[in-house]
Structure formats: structure tokens, C-alpha cells
Amino acid sequence: MTLKKSSVVLLFLIPAFAFAQRLPEGVLPQHYELSFNPDLDKATFSGEETIQVQLARPIAAITLNSAELEFQQAEVSQGEKTQTAQPSFAPDKEQATLSVPDPLQAGPATIHIKFTGILNDKLRGFYLAKTKLRNYAVTQFESTDARRAFPAFDEPAFKATFDISIIVNQGDTAISNGKIVSDTPGPSDGKHTLKFSQTAKMSTYLVAMAVGDFACNEGSADNIPIRVCGTPDKKPLGTAALRYAEEILQFYNKYYGIPYPFGKLDIVGAPDFEAGAMENTGAIFYRESDLFIDDKHSSVSNHEEVFEILAHEMAHQWFGDLVTMKWWDNIWLNEGFATWMELKPSQALHPEWNATLEAVGATNQALQVDALRNTHPIRARAETPEEINEMFDSISYEKGAGVLRMVESYVGPEVFRRGVNNYLRKFQYNNATAEDFWSSIAAASGRPVDMIMPTFVDHAGEPLISVKASCAAPAPEPKVRSRRRRRQLAPAQPKTEITLTQDRFWLDPSGAPATTKNWMVPVCVKAGSAKPFCQIVGQKETVLPVAGGCSPWIFVNASAMGYYRTRYDADTLQKLTAVANTDLSAAERLSLLNDQAALVTSGQESVASYLNLISALNQDEERAIVESYIPALEMIHDHLLTDASKPAFIAWVRSTFSPMLANFGWTPSAGETDDRHEVRGQLIKILGEIGEDPEVIRHSVELAEAYAKDSSSLDPTLVRTVLSVAAMSNDGRLFEQYLAAMNDPQSSPEQLGDYSRALARFSDPKLAQQWLEKIVAPETRNQDAAGYLRRVLDNQAVQKMAWEWTKQHWPEVQAKLTMSSGSAVVHGTEGFCDAAMRNDVQQFFGDHKVASSERALGQSLELINSCIHFRTQQQPNLAAWLEQHSTTANVGTR
Ligand SMILES: [Zn+2]
């Protein structure tokens, strides 16, 4: 067959190209001794290193990774003999090869290199971070940038121990993976040298250094010292994070059954930082806005976010740092796990935050991406730094976590934990693969986890389980002929049968390739009063009987832990909609809503079915449910409305949600739950931004102005929403106020986040343009620029103008991009809904390549296409639905 032939060719082609950038085998690093002397004014550093290696066989040259470094001296010693090595560089592979005149024997050898490098402004490797007052030096090595700080065997499987010392200016300090074990004056005037304790055996991408006048809040948990550090002005904002870190460490010590293994934990907010945070062993580095909050006056969601990001990075100390994936293709073993784990401490210690519902929302995010043609399997080829970088996406994080949650819920949390513990103990201070993990869970549970997981980890995409339910009396026994005898039998009990069919779910099913592989899906069913049950669905079609007569309703994906979409036949959906309010848990209602929204976007259901569901869940005050309405209603608002349908739609929105806001009021009452604070904000957002309610916008402007004068005048949880909704007014004075707050050195990281979001919501083109100019101005930090721009592109009211502006000012935009932030700009175009703009996006990014964003571009083009279909298909459905519902809708119109 043709298919087989081509796959044979691929088998031969891929490995040759794929391994081109890997280091040759045969040299195993054991220990690094590193000393650094950074010059913060000149933005350079010098370094010296000694690496102890084991040679597997005689060789004449050693190859390691090195990028943007200059070597002043290189030697290799064996026994008593030291040879000067001749370095040759392969910049395209980021490698250096040290050749020696006399071949080296198998056995131990020592490499000694003196080198210099630059503290770059690209937020990777050893880089320069700046505040208005001074310079700092910080590292960010994951995935492949340790080689920019020191010549290294920079692959995750080359684990070694590290002795690090750093020369710093008087008055400054440094933070690294180990504790400071000595602090001595010199080597020159005005300097002192800090030496750190030897690290555990670990991968190079986890080495960390930060140099500057950091100030720390100090605490401890289970005898492990914990510090939260930052520039001195941030110290008062570190107390919440410290308290949370103490709680989380204790929780993990119990959960993992392996006490925190790295002696101390520093958590450091860096003035410039690309990612949210990085799990360096014993020294977690952070973007300031994700770490520093005002403990007393910060929103509920900010507290949750700080807690969860900490829980994520701290989970990595075990998943990732202690046990590391063998290669980057299995990055989900780090990221999927930390993402799954991050909700556990929250569930246990802060049940008021409802992390279980957050999990359902997070899985939904992954399902949205995984429905695209431009998705990838969780475990996928990643060889070059650029490909590796692209793996850090919602598939590795959220899909990985979603699949783990499904399997955990199937085998039971305690059994799953046992499997996890066995896996960690077996591979600690070492590396592992996906197979190592699922074998461990299969052994602990006695269930076929090693059959289930590969279908989710190695197949791209997600299952769509279609459900047909029927209830009938069983067919009469064929051989019984006598009427008389039949009458004498007990009347046959009718029973429900459900037929489950699996396919791949596509956002755009037209012309999609036929599904050739089945997933092994643990499906859990809830039906009327019958006991919920789970069953592995591994065939294309599976028929399941449900015990106990005719079920009044059926719900597939009981407890909402599945990684799949569900589609019901019309009758079953109608019955389910009728009981959703009373018989489904909040998590189940949320998953039903999310699936229905996805089916509408893909054109498999009418938008009417989603709006009916919202109507049926009328007054549902569950925070995650109300939150889930926002993107769906925004999509309708932005893309389906015509001049004719708009008044009826916004009238329906107002009549549906105004009574809820009236019930909540604008001011929190004493002792209110955290969730009520959040729901109030969501209702204001829905009514202001989607319902375009002039009264809600006017009141938001009042509150925003009062907040500018006195920040304690507004519930911290409402600040973000109120500032954004107020921007709908396009009030020039308010705009100036927001800009002034962005320039105010007294603004906290949280306030900068709130104001920058709100600035993206002005739809007056003049104001929007003024904000765009500010985004590329020198005072906007490189770490923030791409994210700010993405939000403006996301604002449907100005996106055409913003896109034209972006193209015209591309050199300025590009100068602001860091290693991976360019993909945020590409993602910014995914909300476009116009064929001409799609062609333009494709052409522009074809001509102006952005690093690590090939997949992002593919996804963006696909989403634009899908939006165009969505509009064509659902516009008439919406108009018809609104016509039917307009009488009731108009009642609530102001
Ligand atoms: Zn992570």
C-alpha cells in the first residue's frame, strides 16, 4: 500500500535530521565547578569552570554546548597530564568542540575553560534585568539557554552536581540553587565572593543565579527555610506568597511521601522575566506580577493565582527537578504533572476557591486547541531549540493535566498517589519516560492504564463521544409461539440502552480526515437515580445497558473529569437540559455548557441549543458557570450580530443578567464568600461589555474615577473589571488617568496589570493608537510589550486598525520581542473573523518570520476560518432564536 511505503521513507529520513543538534554520546558530565564575575554596568560577565566527566571510550575531541560565549582558555586533563584544547565552534548547532593533540583514554577526565559572555536583553541565558534605579543579572535557562551562561552538556539527561560561586558588588547579594556557605571580601576592592553549597544531581536547565540588592521575607516549613525575595521596594508585597509557600510545602511533603529534597527554597521576583515563573531547583524565579500582591488589598483571583503558580513551581521540585524527562519530547512529564498537581493544595487548603471547577475550565482550554488541525500529540518530536520552545503550550500543560485527572479519577485518587510515589522513588535524581510513568500507575492500580494513556499521549486530537439513548421493552423471546404462554410470562421490564460512538472532534469537521484510531476512553455515566458507573470505551461503537428501568435522563462524563467532548441526540439533550439545574453537579453543568459551546462553534449544533441551556440554568450563581458564559457570549456579540439582531440580543443579555446583578448589588456585604466577589465582577463585565448597558458603564466610570483618587474605595476584586468596563465609555480624561497610572512608579505590579488590560478596551481609534505607541515606547518593559499588544488586537472594535498599525510599526514591535513572546503577537490575530485579514495575516507572517510561532500561525489561520464559518452558519439561527424569545427579552430593557 502507498501509505506504508511513505511511512517507511519517513522512518529513514527523520532520525538523521532529528538528532543533528544532540550532543554525541560517550562523554558523561559528573560535576561542575563554576565561578562567575558579572559586571552589571557593562552588561558582561566572565566565568571559569571545571567539569569532571567520564569518557566511555577513547576520543580525541569533546563536544559540548556553548552559545554567544568566547573562550579565553581551554584545557583537558587526565591523570597528571594536562593538554591545551583547541576549540572550534558550530554556532548553528550551539556547540563547541575541544580537540586535544593526544587522544584521551576511557575513564575520568577534567575540562577547564575560561570564558566571557554578555548579559543580554532577551531575557534568556544570563541576562540583564533593569528597574528605573539600577541593573540586575538574572538567569532563565529552560529549555536550552544554560549554554549562554557557561559551556555545558546542556541536555536534560546529563544530570550532574554543581558548585557555584559568584563575585558581586559590595552591598549586593546573589541567590542560587544552594545555600550561601561562605562570603569573603575580594577578589578586588568593592567586591565580595559568595560561595553556594553543592547542589543535588540535576539538569543544567535548572541552574539559577540572581545578582542584585534583593531583600527577602523569611519563613520556614517542616524545617526547610523559605524566603520570598525581590527588589527592596517589593518586600512588603511578598508576605502572601511566603505564607502560601509554607502551606504548600507541608502539603507536598505529605502527598509525595518524599520530603522536600533541596535543603532550602528561595522564591525570587525578578524585575524582568519572560515566563510566569521558573522552577529552578531550590530557587524559583518569577515575573513580579505573578508573585507580589498586597496581602490585604488584592483581588480574590490574584490570591488564587499567586497560590496556584507557587503550587505549580513547587510541584516541579519533585516533578521535573527530582525526576526529569529524558528528553524534551516528554516535557508533559514536567508540565502536565505540575499543572495537574497545582490544584491539589488549593483543593485541600482553600476549598472556598473551588479548584475542581477550575480544572474543568482548564481541560476545556486544552480541548479547544486540540480540536484544531494544527495541534500535536502530547509527546511529539522536538529537536531544535525552536521546536522545543513550541512544546510549551496548552497541549503539554492543560491536556497533559486533563488526561492525568481522567486517569486519576478512574483508578481512584489514593491508588493514583501510590503509583506516583513509586514512580518518584524509583527515578529520583534521574530521568524517566512516559512509559516509566504509566507502568507505575498500571502496577499500582491493576488497571490497564498503560493501554489507556498511550492513546491520549501519542494521538493528536480528542474523542467526541456521541450518545444515543433508547428505552424499550426487551424483544420477546423468538421461539415462544403460544399466545397463551406469552401472557403468562412476567411483563418485560423496559430498560435504557445507550449507544456511544467515538470519533475525533474537529473544530472544522468539513473535509476532516477519517479517524483511523480509537481512544481507550474511561467513560463515566450518570442516569436518573441509577448508580453512576464507569466503563472503558475502546471501540468505535459501544452499547451500554443502564440498570433500573427507563432513565428519565442520561449524562455521560459523570463528575466531569473526562478528556473528551460529548454530544447527545436531540431528545436526550432536551431531557438533560430540563434537569441540569437540579440533577447535575456544578462541574457537570460546566462541562455540558463547554461541550455545547464547542459543538456550536464547530457547526454541529445550533447556537439556539447553547442559549436554551443558559436560559434553563437561569440565575445559576456558580462562579465558574457565569465565567464560562463570557467567551461564548462575546463570540456571539462580536461576530453574529447584525443591525437587525443586535437590539434583541443585548436586550436578552440585560434581561437575563440584570436581575442577578440587582440581587448581588454593587457593594459586597460583610462576610460574603470569595466567590460572590468574583461573580459580581463577571456580571458587571457581561452587562457592560456584552450587554453594552449604559447604566453599568456610567457607574463603572464613577467607580474608576473614585478608585484613581483613593484605591481603597473599591473592592479589590472589582478593580480589574470596573476599569475595563469604564473604558467602554471612551472617555478621554479617563484614558489619561489610566496612562498616568502606568507611568506612576508607585503603581503595584497588580495595578499595572489591571490598567494595561483596561487600556486595551478603549475603542476610540485615537486613544487606541496612543496606547499602541506607548506599548513600543522605551519605558514599556520588553517582558510586557507582546502581551499588551495581543490584548489590543483582541479587541474586536479596534482590531483592524491595530493590525494595520502593527504591520506599519513592525520594526518597533520586533525590537520589543523576546525569545518566545512573538508567538503572543501571532496569537493576537486569532480573534479576526474576515477572509481578507486572514490572507493578510498569512502573507505578513510569511514575510516576517517570528521565532517559535509556526504552529501559532497555523492555529490562528484555522481559528479565523472557523469564525467565518461560524458567522455564516449561526447568524440565521441566532436571528430565529431571538425572534422567538424577543417578547420576554424586551421586558427587561431599559
Ligand atoms: Zn511548569
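Parameters and conventions
Residues numbered from 1 in each chain as written. Predicted model: local features only at pLDDT ≥ 70, side-chain atom pairs only at ≥ 80, totals over all residues. Heavy atoms only, no water. Helix = DSSP H or I, 4+ residues; strand = E, 2+ residues; numbered from the N terminus. Rg over C-alpha atoms; globule rule 2.2 N^0.38 Å. Buried < 20%, exposed > 50% of the residue type's maximum accessible area, 1.4 Å probe, protein only. Areas by Shrake-Rupley, 256 points an atom, 1.4 Å probe, with all protein chains shown as cover. Lys, Arg positive; Asp, Glu negative; His and termini not counted. Charge placed at Lys NZ, Arg CZ, Asp CG, Glu CD. Donors = N, O, S within 2.8 Å, 3.2 Å for Na, K, Ca; no water. Disulfide = S-S within 2.5 Å. pLDDT = per-residue confidence, 0-100. Contact = heavy atoms within 4.5 Å. Pairing = 2+ DSSP bridges. Axes fitted to C-alpha atoms, helices over the stretch in contact; angles between N-to-C directions. Left-handed = near helix turned anticlockwise from the far one by under 90°. Nonpolar A, V, L, I, M, F, W, Y, C, P; charged D, E, K, R; others polar.

**Focus on the overall build of the protein chain**
Helix and strand content of the protein chain: 29 helices and 29 strands. Over its C-alpha trace the protein chain gives a radius of gyration of 29 Å, about what one expects of a compact globule, namely 29 Å for 894 residues. Counting only C-alpha atoms and orienting by the principal axes, one finds that the protein chain spans roughly 105 × 75 × 55 Å. Expressed as a percentage of its 894 residues, the buried residues of the protein chain come to 57%. Entry remark: accessible area of the protein chain is about 35900 Å², with carbon and sulfur atoms responsible for 52%. In the protein chain, the 83 positive side-chain charges and the 109 negative ones have mean positions that sit 8 Å from each other.

**Considerations on the coordination of the zinc ion**
Around the zinc ion, the protein contributes the donor atoms His312 (NE2), His316 (NE2) and Glu335 (OE), at 2.0 to 2.1 Å from the metal centre. One chain supplies every donor for the zinc ion, spaced along it as H-x3-H-x18-E. One end of the pair, histidine 312, is in helix 3 (residues 300-316); the other, glutamate 335, is in helix 4 (residues 332-341), with 23 residues separating them in the sequence. An identical accessibility class is assigned to histidine 312 and glutamate 335; each is buried.

**Some points on the state of the cysteines**
Structurally, a disulfide amounts to a covalent bond that connects the sulfur atoms of two cysteines. One pass over the structure, following the stated rule, counts four disulfides. Linked covalently through their sulfurs, cysteine 216 and cysteine 229 form a disulfide whose S-S length is 2.2 Å. Residues cysteine 216 and cysteine 229 are joined through a disulfide that is right-handed, its torsion about the S-S bond being 105 degrees. In this pair, cysteine 216 sits in strand 16 (residues 215-221) while cysteine 229 sits in strand 17 (residues 224-230), placing the two residues 13 residues apart along the sequence. With respect to burial, cysteine 216 and cysteine 229 carry one shared label: buried. Each disulfide pairs two cysteine sulfurs, and for cysteine 524 the partner residue is cysteine 534, the sulfurs being separated by 2.1 Å. Because the sign of the S-S torsion sets the handedness, a value of about 105 degrees for the bond joining cysteine 524 and cysteine 534 places this disulfide among the right-handed ones. You can see cysteine 524 sitting in strand 25 (residues 521-527) and its partner cysteine 534 sitting in strand 26 (residues 533-537), a full ten residues away along the chain. Residue classification places cysteine 524 among the buried positions, given a relative accessible area of 11%.

**Concerning the confidence of the model for the protein chain**
This prediction gives the protein chain a mean pLDDT of 93; 95% of its residues lie at or above 70. Below pLDDT 50 for its whole length, residues 1-19 participates in six contacts with residues either more than four positions away or in separate chains. Segment residues 888-894: pLDDT under 50, and eleven contacts once partners within four positions in sequence are set aside and those in other chains are kept.

**Quick word on the sheet that holds strand 3 (residues 59-65)**
The three strands are arranged 3-7-6 in an open sheet whose pairing can be described as antiparallel. Every interior strand has two partners, whereas the edge strands, strand 3 and strand 6 (86-90), have only one. The sheet shows a mean angle of 25 degrees between the axes of neighbouring strands, taken without regard to direction. Summarising the sheet, strand 6 and strand 7 (residues 95-104) pair through five bridges and their orientation is antiparallel. Each residue of the ladder has a partner; that of glutamine 86, found in strand 7, is serine 99.

**Notes on the packing of helix 10 (residues 434-445) against helix 11 (residues 449-457)**
At their nearest, the axes of helix 10 and helix 11 sit 8 Å apart, and the two run at 145 degrees to each other. When the axes of helix 10 and helix 11 are compared, the crossing they make is right-handed. Counted together, Phe437, Trp438, Ile441, Ala442 and Ser445 of helix 10 and Val449, Asp450, Met453, Pro454 and Val457 of helix 11 form the full contact between these two elements. Looking at the contact of helix 10 with helix 11 residue by residue, the classes come out as eight nonpolar, one polar and one charged.

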